[in-house]
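So the chains spell out like this:
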Amino acid sequence: MLEAARPIPVAVLDLDDDVLDGDQPARAWAADWGRVIDALTAYRQALDVDPATAAFRMPATADGSTVTSRMDAAVEGCVLPAAIEALAEGPPRSAAEAERGAVD
């Protein structure tokens, strides 16, 4: 899955500047996806080393929210798959979790 996903944010960032300038959240969305893919890659590697101590940590924004909250806001209806969010240790703070009623 990770190898199939990695080209997606790269392809977005490879678009012409005039296209990206007309879609303000596109660059941040692509960068956030890249960070999630990198975090999943690190988690997969940690599982190979010691499954008992491996932990997935969802990347955070500068204000401490998970990147998923910004990604959800950037592209309506394009939420991070629940299976990825379920890996995170901390409470998810995103539309995907709220829609499932898991946020207290």
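Residues numbered from 1 in each chain as written. Predicted model: local features only at pLDDT ≥ 70, side-chain atom pairs only at ≥ 80, totals over all residues. Heavy atoms only, no water.

**Concerning the overall build of the chain**
So, step 1. Within the chain, the regular secondary structure consists of seven helices and zero strands.
So, step 2. Listing every helix and strand of the chain by position from the N terminus yields α-α-α-α-α-α-α.
So, step 3. Contacts spanning at least 24 positions in sequence make up 49% of the contacts within the chain whose residues lie at least 6 apart. (Helix = DSSP H or I, 4+ residues; strand = E, 2+ residues; numbered from the N terminus. Contact = heavy atoms within 4.5 Å.)

**Concerning the packing of aromatic side chains**
So, step 1. All told, the structure shown has two aromatic pairs when counted by the stated rule.
So, step 2. Judged by centre distance (6.3 Å) and plane angle (70 degrees), the ring pair of tryptophan 29 and tryptophan 33 falls under edge-to-face. One end of the pair, tryptophan 29, and the other, tryptophan 33, are both in helix 4 (residues 26–49), four residues apart, so they sit about a helical turn from each other. Of the two residues, tryptophan 29 and tryptophan 33, neither departs from the other in class, the shared state being buried. (Phe/Tyr/Trp six-rings, centres within 6.5 Å; stacked < 30°, edge-to-face > 60°. Buried < 20%, exposed > 50% of the residue type's maximum accessible area, 1.4 Å probe, protein only.)

**Comments concerning the confidence of the model for the chain**
So, step 1. Here the chain shows a mean pLDDT of 78. Residues at 70 or above account for 80%.
So, step 2. The secondary structure element of the chain with the lowest average pLDDT is helix 7 (residues 95–99), at 44, and the one with the highest is helix 4, at 90.
So, step 3. pLDDT under 50 marks residues 91–99. Its contacts with residues more than four places away, or in other chains, come to 22 contacts. (pLDDT = per-residue confidence, 0-100.)

**Overview of helix 4**
So, step 1. Counted at 1.5 Å a residue, the expected span for helix 4 with its 24 residues is 34 Å, and the 35 Å between its end C-alpha atoms agrees.
So, step 2. All of the buried residues along helix 4 are Ala26, Trp29, Ala30, Asp32, Trp33, Gly34, Val36, Ile37, Ala39, Leu40, Thr41 and Tyr43. (Expected span 1.5 Å × (residues − 1).)

**Notes on helix 5 (residues 67–74)**
So, step 1. Three or more residues of helix 5 are buried, namely Val67, Thr68, Met71 and Asp72. Around the axis of helix 5, the buried residues are gathered within 135 degrees of arc, so they sit on the same side. (Arc of directions from axis to C-beta.)

**A few points about the pattern of salt bridges**
So, step 1. Going through the model one piece at a time under the given rule, you end up with three salt bridges.
So, step 2. Here arginine 27 ties to aspartate 17 by a salt bridge, and the two come within 3.2 Å at their closest N and O atoms. Here arginine 27, found in helix 4, pairs with aspartate 17, found in helix 3 (residues 17–21); they are ten residues apart in sequence, far enough to count as distant.
So, step 3. With relative accessibility at 52%, the residue aspartate 17 sits in the exposed group.
So, step 4. Of the charged contacts in the structure, one is a salt bridge between aspartate 21 and arginine 27, with a shortest N-O distance of 3.1 Å.
So, step 5. The exposure class assigned to aspartate 21 is exposed, which follows from its relative accessible area of 53%.
So, step 6. Because the salt bridges share partners, they merge into one network encompassing Asp17, Asp21 and Arg27. (Salt bridge = Lys/Arg side-chain N within 4 Å of Asp/Glu carboxyl O.)

**Quick word on the nonpolar core**
So, step 1. Within the largest apolar cluster, 20 residues are counted, with the highest numbers of intra-cluster contacts made by Val36, Phe56 and Met58.
So, step 2. Residue assignment for this core shows that the elements contributing at least two residues are helix 1 (2–5), helix 4 and helix 5.
So, step 3. With nine residues, helix 4 is the single largest residue contributor to this core. (Core = buried A, V, L, I, M, F, W, Y, C linked by side-chain atoms within 4.5 Å.)

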